[in-house]
Amino acid sequence: MKVAVIGAGAAGLMAAYAAASGGNEVYVFEKNEKCGKKIYITGKGRCNITNAVSPQEFLQNVVSNSKFLTGAIYSFTPDDTISFFENNGLAIKIERGNRVFPLSDKASDVTKCLEKACRNLGVKFNFNSKINKISILNSTVSDIIVNNNPVSFDKVIVCTGGLSYPLTGSTGDGYKFATDCGHNVIPLKPSLCGLNLKGNYFAAMQGLALKNVGLNIIYCGKKLHSLFGEVLFTHFGVSGPLILTASSLINRLELKNVKLSLDLKPALTEEQLDARLLRDFAAFNNKNVTAVLKGLLPSSLINEILKRSGLVASRKVNSITKAERALLLTVIKNFDMLVLSLRNIEEAVVTSGGVDVKQINPKTMESKIVKGLYFCGEVLDVDAFTGGFNLQIAFSTGFAAGNSIKEE
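The structure presented is a predicted model; accordingly, all values stated were derived computationally and were not measured.

Undergrad: So what exactly am I meant to see when it comes to the overall build of the protein chain here?
TA: Counting its secondary structure elements, the protein chain contains 12 helices and 21 strands. Taking all 408 residues of the protein chain together, 55% fall into the buried category. Look at the contacts in the protein chain between residues 6 or more apart in sequence, and 72% of them connect residues 24 or more apart. Carbon and sulfur atoms form 50% of the exposed surface of the protein chain, whose accessible area is close to 17400 Å². In the protein chain, 46 positive and 34 negative side-chain charges are present, and the distance between their average locations comes to 6 Å.

And the structure:
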């Protein structure tokens, strides 16, 4: 079989490797001048290759279409990914949260390992190659137009990524290929991104990182999710690990109906927090409330807490009533933030939405509409939380496509 792989990212390189392992003649077409441009920036340049958990636990971290991914993840597991890299000469390590990195902490080593494994099997690379079109004849792939020249192929695997980080070459080409070939594309949304908030109170807190806080996601008055971790206030609103996770959970909702509620003291029950406030107020009963709260909360947060509680900063704690203290407690345990919008998709770690998986065979990643056409990785309507899960999806779907061609 003569196989074309469009895109030399994580999914494309794994698809090329798997297809070449089956004795196919494999050609990779990449519009950039080298492989894996997006791999180079993942994990802050260290490349979080995968997450060393069981397939069952892995799928619990998939936000969109986990059922579709079940076969691919079980067929090429995180353990299989680790073994692949180790067997191809890349030493790896596992860090907090089961995150897997190259021992060298260099993302470039991951790309080099993948490319070398492909070349060892005879995969031919074509860089600076723009694919203009995928041609179809009788509902079957016939050829691809490369730099305006037609080249015939038996199979075409599309691994062009999403819309995130367009400077790496992820500019949505695969979505156009999909629609041109008759596929439905689920609306594209930023995922794993910061959130713009309504108001401007957050400007005074810019740079404030809150660790070990609770975050409740409330939609139309109903609590959907409860998270725990770190939040960072920015000039536009909020970011940080908790917010990236939240963004992937709310990006398909009506954002005007979304409220985020921070529990600034999740380790304390309301009764325990009230007892703490009473102790602090008694110990410093002649001081103003701002000075007393500095022992409990970050300074840049206090003015907004007091404003929401209806207390002035100079108020002496010995004059605060039980009802006022109860309101202060409520605000500390429920610091509400209204979402204005998601940050731009160019800033997002991954793209949510993509080629409708109902039109894709989950075992092989082959189109149900066009024979010999496959879609892998971020171009599909699949996405997951941070921690190496999205790269593993790329590896597993790429392997599923390439390996299925091997078996023909």
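Undergrad: Just to check I follow, could you spell out the packing of aromatic side chains for this structure?
TA: For any pair of aromatic rings, the description consists of the separation of the ring centres together with the inter-plane angle of the planes. All told, the structure shown has 10 aromatic pairs when counted by the stated rule. Ring centres of Y27 and F153 lie 5.7 Å apart, and the angle between their planes is 70°; on these two criteria the pair is classed as edge-to-face. Of this pair, Y27 sits in strand β2 (residues 25–29) while F153 is found in the loop between β10 (149–152) and β11 (155–158), placing the two residues 126 residues apart along the sequence. For the residue pair Y27 and F153, the accessibility class agrees, reading buried in each case.

Undergrad: How should the pairing of strand β9 (residues 140–146) be read in this particular structure?
TA: Side chains on a regular strand alternate between the two faces of the sheet. In terms of burial, β9 is a largely internal element, 5 of the 7 residues being buried. Between strand β8 (residues 131–137) and β9, which pair antiparallel in sequence order, lie 2 residues; one of them, N138, sits at a positive phi of approximately 55°. Here β9 pairs with β10 via 4 bridges, running antiparallel. Paired with I144 across the strands is V151, a residue of β10.

Undergrad: Hey, could you run me through the pattern of salt bridges in this one?
TA: In a structure, side chains of opposite charge can pair up when their charged atoms sit close to one another. This model, assessed by the stated rule, comprises 18 salt bridges. Here R343 ties to E347 by a salt bridge, and the two come within 3.2 Å at their closest N and O atoms. With a relative accessible area of 17%, R343 lands in the buried category. With relative accessibility at 38%, the residue E347 sits in the partly exposed group.

Undergrad: I would appreciate a short explanation of the environment of T50 in the present structure.
TA: Looking at where T50 falls in the secondary structure, it is placed in strand β3 (residues 50–51). Taking the C-alpha atoms as reference points, T50 and N403, 353 residues apart in sequence, are found 20 Å from one another. The contact partners of T50, leaving out residues within four places of it in the chain, are P78, T81, I82, N98, R99, V100, G387, G388 and Q392. Within the structure, T50 has its side chain in polar contact with the side chain of Q392 (distance 2.7 Å).

Undergrad: Even after reading the chapter, I still don't get the sheet that holds strand β5 (residues 92–95), so can you show me in this structure?
TA: The strands making up a sheet associate through hydrogen bonds between their backbones, and the pairing can be parallel or antiparallel. Taken together, the 3 strands give an open sheet; going across it, the order is β3-β6-β5, and neighbouring strands pair in antiparallel fashion. Each edge of the open sheet carries a strand with a single partner, namely β3 and β5. When β3 meets strand β6 (residues 99–102), the two strands line up antiparallel, connected through 2 bridges. Bridged to T50 within β6 is V100.

Undergrad: Please explain the pairing of β8 as it appears in this structure.
TA: As paired elements, β8 and β9 share 6 bridges and run antiparallel to each other. The residue of β9 that forms the bridge with I136 is V141.

Undergrad: Sorry if this is basic, but what is going on with the sheet that holds β9 here?
TA: Taken together, 3 strands build an open sheet; the order of strands is β8-β9-β10 and the sheet is antiparallel. Where the open sheet ends on each side, the last strands, each with one partner, are β8 and β10. Neighbouring strand axes in the sheet, compared pairwise and without regard to direction, differ in orientation by 30° on average.

Undergrad: Got a minute to help me understand helix α7 (residues 241–250) in this structure?
TA: Counting buried residues along α7, 9 of its 10 residues qualify, which places the element largely inside the surrounding structure. Within α7, the full set of buried residues consists of L242, I243, L244, T245, A246, S247, S248, L249 and I250.

Undergrad: Help me understand the packing of helix α1 (residues 10–21) against helix α5 (residues 107–120) in this model?
TA: When two helices pack together, their arrangement is given by the angle between the helix axes and the distance between those axes. With their axes 9 Å apart at the nearest point, α1 and α5 run at an angle of 25° to one another. Classified by the angle their axes make, α1 and α5 are roughly parallel. In the packing of α1 onto α5, the handedness of the crossing is left-handed. From α1, L13, M14, A16 and Y17 reach across to α5, where they touch L114, A117 and C118. Taken together, the residues of the contact of α1 with α5 sort by class into 7 nonpolar, no polar and no charged.

Undergrad: Help me understand the nonpolar core in this model?
TA: It is characteristic of soluble globular proteins that their nonpolar side chains tend to be buried jointly. Within the largest apolar cluster, 81 residues are counted, with the highest numbers of intra-cluster contacts made by F85, I134, V156 and I157. Beyond its immediate chain neighbours, meaning those up to four positions away, V156 contacts A4, I6, I134, V141, I144, G372, L373 and Y374. Y219, V238, L306 and I320 belong to the second largest nonpolar core, which has 51 residues in total.

Conventions adopted
Each chain carries its own residue numbering, running from 1 in the written order of its sequence. Under the rules for a predicted model, residues below a pLDDT of 70 receive no local features and side-chain atom pairs below 80 are neither given nor counted, while totals for whole chains, interfaces and linings still include all residues. Working from all heavy atoms in the structure, the side-chain values ignore hydrogens and water. Numbered from the N terminus, helices here are DSSP runs of H or I no shorter than four residues, and strands are runs of E no shorter than two. Only protein chains enter the accessibility calculation, which uses a 1.4 Å probe. A residue is then buried if its area is under 20% of the maximum for its type, exposed if over 50%, and partly exposed in between. Any pair of residues with heavy atoms lying within 4.5 Å of one another is described as a contacting pair. Note on areas: Shrake-Rupley, 1.4 Å probe, and residue coverage restricted to the protein chains presented here. Asp and Glu count as negative and Lys and Arg as positive, but His and the ends of the chain are not part of the count. Every charge is mapped onto a representative atom, which is NZ of Lys, CZ of Arg, CG of Asp or CD of Glu. Each Phe, Tyr or Trp ring, with Trp reduced to its six-membered ring, pairs with another whose centre is within 6.5 Å; inter-plane angles below 30 degrees give stacked pairs, above 60 give edge-to-face pairs, and intermediate values give tilted ones. One requirement defines pairing of two strands: DSSP has to find at least two bridges between them. Any Lys or Arg side-chain nitrogen found within 4 Å of a carboxyl oxygen on Asp or Glu counts as a salt bridge. Two N or O atoms form a polar contact when they lie within 3.5 Å of each other; inside protein one atom must be a possible hydrogen donor and the other a possible acceptor, and for residues adjacent in sequence the pair counts only when both atoms belong to side chains. Lines fitted to C-alpha atoms define the axes here, with helix axes fitted over just the stretch in contact, and angles between the N-to-C directions of these axes take values from 0 to 180 degrees. Roughly parallel covers angles under 35 degrees, roughly antiparallel covers those over 145, roughly perpendicular covers 65 to 115, and oblique covers all other angles. Throughout, a crossing is termed right-handed when the near helix is turned clockwise from the far one, and left-handed when it is turned anticlockwise from it by less than a right angle. Side-chain classes follow a simple rule in which Ala, Val, Leu, Ile, Met, Phe, Trp, Tyr, Cys and Pro form the nonpolar group, Asp, Glu, Lys and Arg form the charged group, and the remainder, Gly included, forms the polar group. Working definition of a nonpolar core: buried Ala, Val, Leu, Ile, Met, Phe, Trp, Tyr and Cys residues. They are joined through side-chain atoms within 4.5 Å.

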